[in-house]
Protein chains: 2
Amino acid sequence: MLMRMSSLFLRTLRDDPVDAEVDSHKLLVRAGYIRRAAPGIYTWLPLGLRVLAKVEQIVREEMAAAGAQEIHFPALLPREPYEATGRWSEYGPNLFRLQDRRENDYLLAPTHEEMFTLVVKDLYSSYKDLPLALYQIQTKYRDEARPRAGLLRGREFIMKDAYTFDIDEEAHAAAYQRQRDAYERVFSRLGLPYVIVAATSGAMGGSRSEEFLVPCEVGEDTFVRSPGGYAANVEAVTTPAPPARAWQDLPPASVEQTPDTPTIASLVDVANERFPRPDRPWTAADTLKNVVLAVTAPTGERETIVVGLPGDRDVDLKRLEAALAPAEVEAAGPDDFARHPELVKGYIGPGVIGPNGAPRDAEGQGGAVRYLLDPRVVDGTAWITGADRADHHVFGLVAGRDFTADGTIDVAQVREGDAAPDGSGPLELARGIEMGHVFDLGTKYSQALGLTVLDANGKARVVHMGSYGIGVSRAVAALAEIYHDDAGLTWPVAVAPAQVHIVATGKDETVFAAAEDLARSAQEAGLEVLLDDRRKVSPGVKFADAELLGMPVVVVIGRGLASGVIEVRERASGDRREVPVAQALGAVQESVAAAG
Amino acid sequence: MLMRMSSLFLRTLRDDPVDAEVDSHKLLVRAGYIRRAAPGIYTWLPLGLRVLAKVEQIVREEMAAAGAQEIHFPALLPREPYEATGRWSEYGPNLFRLQDRRENDYLLAPTHEEMFTLVVKDLYSSYKDLPLALYQIQTKYRDEARPRAGLLRGREFIMKDAYTFDIDEEAHAAAYQRQRDAYERVFSRLGLPYVIVAATSGAMGGSRSEEFLVPCEVGEDTFVRSPGGYAANVEAVTTPAPPARAWQDLPPASVEQTPDTPTIASLVDVANERFPRPDRPWTAADTLKNVVLAVTAPTGERETIVVGLPGDRDVDLKRLEAALAPAEVEAAGPDDFARHPELVKGYIGPGVIGPNGAPRDAEGQGGAVRYLLDPRVVDGTAWITGADRADHHVFGLVAGRDFTADGTIDVAQVREGDAAPDGSGPLELARGIEMGHVFDLGTKYSQALGLTVLDANGKARVVHMGSYGIGVSRAVAALAEIYHDDAGLTWPVAVAPAQVHIVATGKDETVFAAAEDLARSAQEAGLEVLLDDRRKVSPGVKFADAELLGMPVVVVIGRGLASGVIEVRERASGDRREVPVAQALGAVQESVAAAG
């Protein structure tokens, strides 16, 4: 494979595109790998498409090695199967919906669980047909509210999605492990560093769920890890409830007038000033903060809820969203408060004392809105909290004794230094790009769509499924994010559009002839070559382009040729060496092997 | 590559699917290559996807050989570029349209002229950048009114579309030829017989246009060819106008009462009975038939037109549609007639005499509806035709003398035996599947979207474009249509999912071991192998499956093994030979080479 810069469909840009925030996006556009067609929708130019094809090929090989068979579903699908599983509405505005000329409803598939389930139901009927693993590499659509970061979060993107079908949970566990192993091989071969973290399964259903994250500052996922090896997506971190305490010796709660204390900080100040505690000062952790939130179900129904948590923590909206998926959540707005006059902004409590000094709800069950508590708020803990009455707080309100809730919800912010739930030490926080997700779907889809097989006794058994995704186009962006420096891209050999970039400089035709010779012999030796054979372009521009484009090995042929030498550079390390022209091919091969 | 029937995701069907009309559709479904997901929308199962991938690979190799560079556009595109060229509305109901969550208009692209034009405009600016050839292999969408014949006319399908960009017409001609040559190589390698026919360019604009048709009864395209080498899509056949005649000696026209003659046949009978001609009887060719049609523009505006043509021919609606594209056409309905009371059904003439005996239009220009004439109706020809008055016809009405029209339109049916327009002999009619289309776009898109480059004098020049399509998924169906027999598919080696199908029969484990050995050594020798290693399936079922699936070479290992022989069959020819087991691999390789 030999590409010539003189004819390659490419224009490099010196300036970052105005809409690009992250390095991978800037560089992939500047280096002419992709172009934006619409928000979150990209065109692949020749070099970008080559990287994409290499990623796909590695994925294909490892899927085959894991025994998965490739098939290919349409992207345009009828509504019915997605209606059967509830996802037609659950996806809410993230789903691209359309009608055909007969006014039948269609969608652009965001994932294909339904179709995989139905095709297996169509073809298979016996336990003898299992185990089965199928996959596709296919274009997906999601109408993201905020498409961002180029290929990292697009609205049209390429995914590999695999599904396993097994007779029972035990067989599923083996299939899951096989896919998980394949994922480790894929990301190793791609050269993508990864962390496997426990994850929630979101709108997908199922139980066991792990994500492969590429640790990276621009990643949208926050994850935690402990020195003892615990690792989880922040949405999946669980907070162990401390043991409940006895409340027999605790003093009764007292309502106090606390004017102008609508914030936790002002409340703590007033508490320390007017109601000091003998042993140590009050802190935000002694207060019970009650956060009012609006939860919108996929049907559009909006509910107001109150989450009670220690005042030194905020609600993490992403954790909340994961906990309440497929609903969407946001902070309550004026309309929500207007519908609930019993919620006195700045002075909201667990609802045991209403705006007029009476309980918000005689049953003490949280009143008209659902009241959910952080797991730390166990029975017997005493709190300073709102009295549900302007300018009043209640001191020493004891959970279990003075108030209860409608349930617990584990959605408080996770903080650096929090204890890992498995006791493996303090948590460290980091960000990552979600590159893969493996999870146990259980029987959610097979149940909903009637995928059963007959077992050895002729009895119908609901098939146990697993789901396994890799963001294929996102991997190209993640690679660019990991492999670049100030001058440009620095592709690993496995995914570079070409392994060698030969740059001919100057005006001497013997230089161009030598470059051409080397390009041809490299090509014959099985290397993929990009040859800069442009005649009226300065060496400076050519070198800058070579750095920007990022082939692993760059060969410069120029003035040195007169004295019989060329230069071989390794793009990532910057190592350079002069090599006699007669040994050029060997040196290139060596450098490619070293870079790979 | 080794696939095992024991685990391959496949179920063959004994019965044809109820919705299948053509052999390729029936067989591809029965043999488990594809499955319907929605009308005109298909899922590719493992064997089908392998054929598709092979077709794609051949296309890619020949595109590269023709100097075309691969890129990849999104399928989901914003409205604006299609609005700029008018195609947003021109496509009418064939376009899948949708809105995103911000209510911006999008479409699922049916073709990508606009995007190719814009990306070149984005990257290039100088004549030195040209010539340029770009292509993609991509999923396209068209909301066909009548999706049919499986993959032959789908609503989601895969196309290769290429575009060339040149500085002028001469350079374009060279690019066109290069693509045309590549197409010949593609179809030859695929094993698809083809005819290159002159074509119309439909809604695409441009001038020179040729189609690659696979001659085949189930094809939707009718084409003609002459012994002298003329070949054209029936829509593109032109009818040379005969020379005009002098009308000085012709008698004046006379209106006659002709009750109950609303059809051409009844009119001819009455004419011969009541107004016999001395030299020879009247025939339908002496009458001028006036056909009322409704033409609907993409905007939805509906116009009534009348086409006048010799009474022995009908209007060919496909030729009419091609002539009036992008408008849609149909026979006029009661509403159209109601709007035009001057059109007296059964007695419509050129409008020189109206329903009350007065001219329909004093100017004689066809009246309120457009009147278009077949090219055969030249000045000086005399006709029996309607008098625009119930139960009356006019005899000896002379074109040019007694009536004129608003223009000519060449949309009469083309008939077997008609003369080729280039004088190369009588036309033969045949049907074909449109597999490829190469055409000169001229400057239609570059003009509309402002794609210019600076020439050597620094002057802006509008780029000359060409467009080149291949129906990639349709090619799979065309191959199945050409390569099958009563028992099943008979793939050519170049596109078969595997070259060899090894069938182990019986219950003897040594047979299965020998089959396994042969499969492995064939695989090591670089062959793609399908191994029927199923244990509880009868030889009859296995043989039937092997015939249905259609790998080019079938090896049967069974009872003969005891005496040291196996059987090698060539699927297409049915040739069989016994081969000593020690020579099995060599024999298989020979047969594969022979079949290829």
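Because the structure is a prediction, the values reported are computed rather than measured.

Once that is clear, we can look at the overall build of chain A. Across its full length, chain A carries 14 helices and 32 strands. For chain A, the spread of C-alpha atoms along the principal axes amounts to about 95 × 70 × 50 Å. The 596 residues of chain A split such that 57% are buried. In chain A, the proportion of contacts linking residues at least 24 apart, taken out of those at least 6 apart, comes to 69%. In the form shown here, chain A has an accessible surface area of approximately 23500 Å², with 50% of it arising from carbon and sulfur atoms. Computing the positive centroid from 63 side-chain charges and the negative centroid from 87, chain A places the two 5 Å apart.

Residues and elements named next belong to chain A. Overall, the coordinates contain 98 salt bridges over all chains when judged by the stated rule. Among the ionic pairs, Arg153 bridges to Glu220, the shortest N-O distance being 2.3 Å. Note that Arg153 is positioned in the loop between strand S8 (132–141) and strand S9 (156–166) and Glu220 in the loop between strand S11 (209–215) and strand S12 (221–225), a separation of 67 residues in sequence. The exposure class of Glu220 is partly exposed, given its relative accessible area of 21%.

Turning our eyes to something else, we now look at the packing of helix H2 (residues 46–65) of chain B against helix H11 (residues 472–482) of chain B. In helix packing, the relevant descriptors are the interaxial angle and the interaxial distance, both defined with respect to the helix axes. All names here are of chain B. It is the contact of H2 with H11, at a shortest axis distance of 9 Å, that shows an interaxial angle of 115°. Viewed along their axes, H2 and H11 form a crossing whose handedness is right-handed. Contacts from Val51, Leu52, Val55 and Glu56 of H2 reach H11 at Val472, Ser473, Ala475, Val476 and Leu479. Of the residues that constitute the contact of H2 with H11, the class distribution is seven nonpolar, one polar and one charged.

All names here are of chain A. Of all the eleven residues making up S9, eleven are buried; the element is thus mostly covered by neighbouring parts of the structure. Of the two faces of S9, the one lined by Glu156, Ile158, Lys160, Ala162, Thr164 and Asp166 and the one lined by Phe157, Met159, Asp161, Tyr163 and Phe165 are each fully buried. Looking at chain direction, S8 and S9 are connected through ten bridges and run antiparallel. Within S9, the residue paired with Thr139 across the bridge is Ile158. Bridge analysis of S9 against strand S25 (residues 464–471) gives eight bridges, and the strand direction is antiparallel. Each residue of the ladder has a partner; that of Met159, found in S25, is Gly471.

What follows is about the environment of Phe543(A). Residues and elements named next belong to chain A. Within the secondary structure, Phe543 sits in helix H13 (residues 539–549). Given a relative accessible area of 24%, Phe543 falls into the partly exposed group. Along the chain, Phe543 and Asp532 lie eleven residues apart, while their C-alpha atoms are 9.8 Å from each other. Apart from residues no more than four positions distant in its own chain, Phe543 is found in contact with Val503, Thr505, Val556 and Arg569.

On to the packing of aromatic side chains. Residue and element names in this part refer to chain A. Summed over all chains, the structure comprises 26 aromatic pairs over all chains. Consider the rings of Phe275 and Phe395, whose centres lie 4.8 Å apart with planes at 55°: the pair is tilted. Placement of the pair is Phe275 in the loop between helix H7 (264–274) and strand S15 (287–296) and Phe395 in strand S20 (residues 392–398), with a sequence separation of 120 residues. Under the relative-accessibility criterion, Phe395 is labelled buried at 8%. Look at Trp282 and Phe395: their rings are 6.5 Å apart centre to centre, the planes differ by 75°, and that puts the pair in the edge-to-face class.

Further remarks concern unusual backbone geometry. Following Ala325(A), the chain continues to Pro326(A) via a peptide bond in cis, the omega torsion being 5°. You can see Pro326(A) is positioned in the loop between helix H8 (317–324) and strand S17 (328–331). Even without a glycine there, the phi angle at Asp391(A) is positive, about 65°. Its location among the elements puts Asp391(A) in the loop between strand S19 (382–386) and S20. Even without glycine at this site, Asp388(B) takes up a positive phi of about 60°.

Right, let's talk about the sheet that holds strand S32 (residues 576–580) of chain B for a bit. All names here are of chain B. On the basis of which strands lie adjacent, the open sheet formed by six strands has the order S1-S29-S28-S30-S31-S32 and mixed pairing. The open sheet has two free edges, formed respectively by strand S1 (2–4) and S32, since each of these has just one partner strand. Each strand of the sheet is rotated relative to its neighbour by a mean of 25°, with strand direction disregarded. Where S1 and strand S29 (residues 529–532) come together, three bridges link them in parallel fashion. Among the inter-strand pairings, Met3 is bridged to a residue of S29, identified as Leu530. Set on the sheet, helix H13 (residues 539–549) makes contact with strand S28 (500–504), S29, strand S30 (553–557) and strand S31 (565–570); between it and S28 the angle comes to about 175°.

Residue and element names in this part refer to chain A. Where helix H1 (residues 23–30) meets helix H11 (residues 472–482), the closest approach of the two axes is 8 Å, and the angle between their N-to-C directions is 100°. Overall, the two elements H1 and H11 adopt an arrangement that is roughly perpendicular. Across the interface between the two elements, Asp23, Ser24 and Leu28 from H1 touch Val476, Ala477, Ala480 and Glu481 from H11. Along the lines of polarity and charge, the residues of the contact of H1 with H11 split into four nonpolar, one polar and two charged.

Residues and elements named next belong to chain B. Examined against the element boundaries, Gln136 turns out to sit in strand S8 (residues 132–141). On the accessibility criterion, Gln136 (0% relative accessible area) is buried. Within the local environment of Gln136, its side chain forms a polar contact with the backbone nitrogen of Phe73, the two atoms lying 2.8 Å apart. Side-chain polar atoms of Gln136 contact the side chain of His112, separated by 3.2 Å. Excluding anything up to four places from it in sequence, Gln136 contacts Ile71, His72, Phe73, His112, Phe116, Met159, Lys160 and Asp161.

Attention shifts here to the relation of the copies chain A and chain B. Once chain A is rotated about the relating axis by 180° and shifted along it by 0.0 Å, it coincides with chain B to within an RMSD of 0.0 Å. These values place the two chain copies in the arrangement generated by a two-fold rotation axis. In terms of proximity to the rotation axis, the leading residue of chain A is Leu98(A), whose C-alpha is 2.7 Å off the axis. Both copies share a contact surface, since 100% of the interface residues of chain A are interface residues in chain B too.

Once that is clear, we can look at the domain arrangement of chain A. Assigned domains within chain A: domain 1 (46–75 + 109–237 + 429–478), domain 2 (254–408) and domain 3 (498–595). A C-alpha centroid distance of 40 Å is found between domain 1 of chain A and domain 3 of chain A.

Our next topic: the nonpolar core. Looking at soluble globular proteins, one finds that nonpolar side chains tend to be buried together. Of all hydrophobic cores here, the largest spans 78 residues; its most connected members are Phe9(A), Phe165(A), Phe9(B) and Phe165(B). Beyond its immediate chain neighbours, meaning those up to four positions away, Phe9(A) contacts Leu45(A), Pro46(A), Gln69(B), Ile71(B), Val119(B), Val120(B), Leu123(B), Tyr124(B), Leu132(B) and Leu134(B). Among the nonpolar cores identified, the runner-up in size contains 64 residues, and Leu152(B), Leu192(B), Ala478(B) and Leu479(B) belong to it.

Residues and elements named next belong to chain B. Inspection of the secondary structure assignment puts Glu235 in the loop between strand S13 (231–233) and strand S14 (254–257). Among buried charged residues, Glu235 stands out as having no salt bridge; its nearest opposite-charge side chain is Lys318, 4.6 Å away. Setting aside residues no more than four positions away along its own chain, Glu235 makes contact with Thr200, Thr222, Lys318, Arg319 and Ala322.

As a further point, take the interface of chain A and chain B. Listed by partner, the interface residues are 52 residues for chain A and 52 residues for chain B. Here chain A and chain B share an interface that buries about 4500 Å² over both sides, 60% of which is from carbon and sulfur atoms. On the chain A side of the interface with chain B, the three residues burying the most area are Phe9(A), Arg101(A) and Leu123(A), jointly 18% of the side's total. Counting every contact that joins chain A to chain B gives six salt bridges.

Residues and elements named next belong to chain A. What the six strands build is an open sheet, ordered S1-S29-S28-S30-S31-S32; its pairing is mixed. The open sheet has two free edges, formed respectively by strand S1 (2–4) and strand S32 (576–580), since each of these has just one partner strand. Sheet twist, expressed as the mean angle between neighbouring strand axes with direction ignored, is 25°. Pairing between strand S28 (residues 500–504) and strand S29 (residues 529–532): four bridges, direction parallel. Within S29, the residue paired with Val500 across the bridge is Val529.

Now for helix H6 (residues 169–190) of chain B. Each full turn of the α-helix corresponds to 3.6 residues, which orients residues three or four apart in the same direction. Residues and elements named next belong to chain B. The end-to-end C-alpha separation of H6 is 31 Å, in line with the 32 Å expected for 22 residues at 1.5 Å each. All of the buried residues in H6 are His172, Ala175, Tyr176, Gln179, Arg180, Ala182, Tyr183, Val186, Phe187 and Leu190. Considered in projection along H6, the buried side chains sweep an arc of 165° and stay on one side of the axis. At the N-terminal end of H6, a side-chain oxygen is found 3.3 Å from the backbone nitrogen of Glu170, two or three residues along, and the residue is Asp168.

How each quantity is defined
Residues numbered from 1 in each chain as written. Chains lettered and ligands numbered in written order. Predicted model: local features only at pLDDT ≥ 70, side-chain atom pairs only at ≥ 80, totals over all residues. Heavy atoms only, no water. Helix = DSSP H or I, 4+ residues; strand = E, 2+ residues; numbered from the N terminus. Buried < 20%, exposed > 50% of the residue type's maximum accessible area, 1.4 Å probe, protein only. Contact = heavy atoms within 4.5 Å. Areas by Shrake-Rupley, 256 points an atom, 1.4 Å probe, with all protein chains shown as cover. Lys, Arg positive; Asp, Glu negative; His and termini not counted. Charge placed at Lys NZ, Arg CZ, Asp CG, Glu CD. Salt bridge = Lys/Arg side-chain N within 4 Å of Asp/Glu carboxyl O. Axes fitted to C-alpha atoms, helices over the stretch in contact; angles between N-to-C directions. Left-handed = near helix turned anticlockwise from the far one by under 90°. Nonpolar A, V, L, I, M, F, W, Y, C, P; charged D, E, K, R; others polar. Pairing = 2+ DSSP bridges. Phe/Tyr/Trp six-rings, centres within 6.5 Å; stacked < 30°, edge-to-face > 60°. Parallel < 35°, antiparallel > 145°, perpendicular 65-115°, else oblique. Polar contact = N/O pair within 3.5 Å; in protein donor to acceptor, adjacent residues only side chain to side chain. Least-squares fit on C-alpha atoms with pLDDT ≥ 70 in both. Domains from an automatic or database assignment. Core = buried A, V, L, I, M, F, W, Y, C linked by side-chain atoms within 4.5 Å. Buried area = accessible area lost by both parts, 1.4 Å probe. Expected span 1.5 Å × (residues − 1). Arc of directions from axis to C-beta.

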